[in-house]
Amino acid sequence: MERIIMDVDTGHDDAVALVLAAGSPQIQIEGIVAVAGNQVRERTLENTLNVCDYLDIEAPVFAGLDRPIVRRQITAGNIHGKTGLDGPVFPPRTKQVHPGNGVRFIIDTVLANPHEITLVPTGPLTDIAMAIRMEPAVADLVKEIVFMGGSTGEGNVTYSAEFNIFADPEAAQIVCTSGAPLVMMGLDVTLQVMLTDERLDTYREFPKKAASMFCASMDNYMASCRRHGHDYPAMHDPCCIAYLLDRDMFSFERRELQIELQGALTYGRTVVGPHLDEGGALIAKKTKPEQFWNMLDTAFRNLP
Ligand code: BDR
Ligand code: CA
């Protein structure tokens, strides 16, 4: 059983990560923290609560930080819309935000369960960096940090930088140099898991709330991606959950990993150093996308 804390900026693909995690019996979600990223924190929190309420996801939802550590805040409203999750219409929800601070929840849970808890950040690394700064033992006691972010090639916000890293590069550098066991699910691998129109159509008749939410959300995400010149939308964030379900579906390189914080053109770049035998970060390079879709089918079946 994988015990995880998800740190999300819900967003279309974050919502798929929530579906995949909640619908997989091998995973136990201890809690979910909503951080600013794709939209301002109020919206990512609202989206997270809506998804959890709609799908009966019982894990507590906490508010994370509402802005990056150093840089001016940016969002990805151009892709995920005004709400951060444009598309699905949710009924009025009963689920409420859990009292207390999300960063404190991360610290307390990791410290109380040494080497048991995997952190899964699928937004900017702001909360994770703050948890490590407030309590450095988090880096030693966490089982793994499996994050979506970065690229060893081109970025998707600038030529150099991927969105989650670009939205809080200083936080990412704190995490990458913390000594915590890291797994990077970057664009190298997430761009291999694309949703085609044909596949989306196969989910339209699925008699499950999770599948209809997915379709409403993906229609919007697909249209946004096409407005930005991409043929198909990538399933970035759920790749982190797929890794926890079957790490053999990915190939990796273990490399030193740092974040560029100075360059005018390269701010937020994930800089990959020498190959290592231990330490550094496991950087996912290749995957078998068909396996991803089998996992998602199973998750839909297990959810309302
Ligand atoms: C990442 O950026 C966000 O817009 C997505 O949710 C994903 O986490 C992809 O670059
Ligand atoms: Ca995200």
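Just above, that's the structure.
Let me begin by describing the structure that accompanies this report. Since this is a predicted model, take the numbers as computed values, not measurements.

**Some details on helix H8 (residues 169-176)**
Inference 1: Within H8, eight of the eight residues are buried, which leaves the element mostly enclosed by the surrounding structure.
Inference 2: Of the surrounding elements, those touching the buried residues of H8 are helix H5 (126-134), strand E5 (144-148), helix H7 (163-166), strand E6 (182-185) and strand E7 (250-259).

**Digging into the coordination of the calcium ion (ligand 2)**
Inference 1: Around the calcium ion (ligand 2), the protein contributes the donor atoms Asp 9 (OD), Asp 14 (OD), Asp 14 (OD), Thr 122 (O) and Asp 237 (OD), at 2.2 to 2.6 Å from the metal centre.
Inference 2: The sequence pattern formed by the donor residues of the calcium ion (ligand 2) is D-x4-D-x107-T-x114-D. One end of the pair, Thr 122, is in the loop between strand E4 (117-121) and H5; the other, Asp 237, is in the loop between helix H11 (209-227) and helix H12 (238-245), with 115 residues separating them in the sequence.

**Description of helix H13 (residues 289-302)**
Side chains three or four residues apart in an α-helix point the same way, a direct result of the helix having 3.6 residues per turn.
Inference 1: Helix length check: H13 (14 residues) gives 21 Å between terminal C-alpha atoms against 20 Å at 1.5 Å per residue, within 8%.
Inference 2: Burial in H13 covers these residues: Phe 292, Trp 293, Met 295, Leu 296, Asp 297, Ala 299 and Phe 300.
Inference 3: Turning to H13, the residues buried within the fold contact helix H1 (12-22), helix H10 (197-204), H11 and H12.

**Describing the pairing of strand E9 (residues 281-287)**
Each regular strand displays side chains that alternate between the two surfaces of the sheet.
Inference 1: A large share of E9 lies buried, amounting to five of its seven residues.
Inference 2: Pairing of E6 with E9 involves three bridges; the strand directions are parallel. Opposite Met 184, over in E9, you have Ile 283 as the bridge partner.
Inference 3: Relative to E9, E7 runs antiparallel, the two sharing six bridges.

**Remarks on the packing of aromatic side chains**
Inference 1: Scanning all chains against the criterion turns up 11 aromatic pairs.
Inference 2: Grouped by ring-pair contacts, the aromatic residues Tyr 203, Phe 206, Phe 214 and Phe 300 constitute a single cluster.
Inference 3: Seen from the ring of Phe 166, Arg 71 lies directly overhead, with NZ or CZ sitting 4.7 Å from the centre.
Inference 4: Over the ring of Tyr 54 we find Lys 209; its NZ or CZ atom is 4.6 Å from the centre of that ring.

**Re the site of ligand 1**
Inference 1: Taken together, Asp 13, Asp 14, Asn 38, His 80, Thr 122, Met 148, Asn 156, Glu 162, Phe 163, Asn 164, His 236 and Asp 237 form the complete shell of residues around ligand 1.
Inference 2: Between ligand 1 and Asp 14 there is a distance of 3.0 Å, counted from an oxygen atom to a side-chain nitrogen or oxygen.
Inference 3: In this structure, an oxygen atom belonging to ligand 1 sits 2.4 Å away from a side-chain N or O atom of Glu 162.
Inference 4: For ligand 1, the accessible surface in isolation is 280 Å², of which the surrounding protein chains cover 95%.
Inference 5: Of all elements in the fold, only H1 and H7 reach the threshold of two or more residues within the shell around ligand 1.

**Re the nonpolar core**
Inference 1: If you look at the biggest cluster of nonpolar residues, it comprises 65 residues, and the most contacted ones within it are Met 6, Ile 32, Met 185, Phe 214, Met 235 and Leu 296.
Inference 2: Ranked by residues supplied to this core, first place goes to H11 with nine residues.
Inference 3: For Phe 214, the contacting residues outside a window of four places in its chain are Val 16, Leu 195, Leu 200, Tyr 203, Met 235, Trp 293, Leu 296 and Phe 300.
Inference 4: Formed by 33 residues, the second largest nonpolar core is a distinct cluster that contains Ala 131, Phe 147, Leu 257 and Ile 283.

**Considerations on the sheet that holds E5**
Inference 1: On the basis of which strands lie adjacent, the open sheet formed by nine strands has the order E3-E2-E1-E4-E5-E6-E9-E7-E8 and mixed pairing. Each having just a single partner strand, strand E3 (61-63) and strand E8 (270-275) make up the two edges of the open sheet. Neighbouring strand axes in the sheet, compared pairwise and without regard to direction, differ in orientation by 30° on average.
Inference 2: One ladder, built from four bridges, connects E5 with E6; its direction is parallel. Across the sheet, residue Val 146 finds its bridge partner in E6, namely Val 183.

Each value, and the rule that gives it
- Residues numbered from 1 in each chain as written.
- Chains lettered and ligands numbered in written order.
- Predicted model: local features only at pLDDT ≥ 70, side-chain atom pairs only at ≥ 80, totals over all residues.
- Heavy atoms only, no water.
- Buried < 20%, exposed > 50% of the residue type's maximum accessible area, 1.4 Å probe, protein only.
- Helix = DSSP H or I, 4+ residues; strand = E, 2+ residues; numbered from the N terminus.
- Contact = heavy atoms within 4.5 Å.
- Donors = N, O, S within 2.8 Å, 3.2 Å for Na, K, Ca; no water.
- Expected span 1.5 Å × (residues − 1).
- Pairing = 2+ DSSP bridges.
- Phe/Tyr/Trp six-rings, centres within 6.5 Å; stacked < 30°, edge-to-face > 60°.
- Lys NZ or Arg CZ within 6 Å of the ring centre and 35° of its normal.
- Near = heavy atom within 4 Å.
- Polar contact = N/O pair within 3.5 Å; in protein donor to acceptor, adjacent residues only side chain to side chain.
- Areas by Shrake-Rupley, 256 points an atom, 1.4 Å probe, with all protein chains shown as cover.
- Core = buried A, V, L, I, M, F, W, Y, C linked by side-chain atoms within 4.5 Å.
- Axes fitted to C-alpha atoms, helices over the stretch in contact; angles between N-to-C directions.

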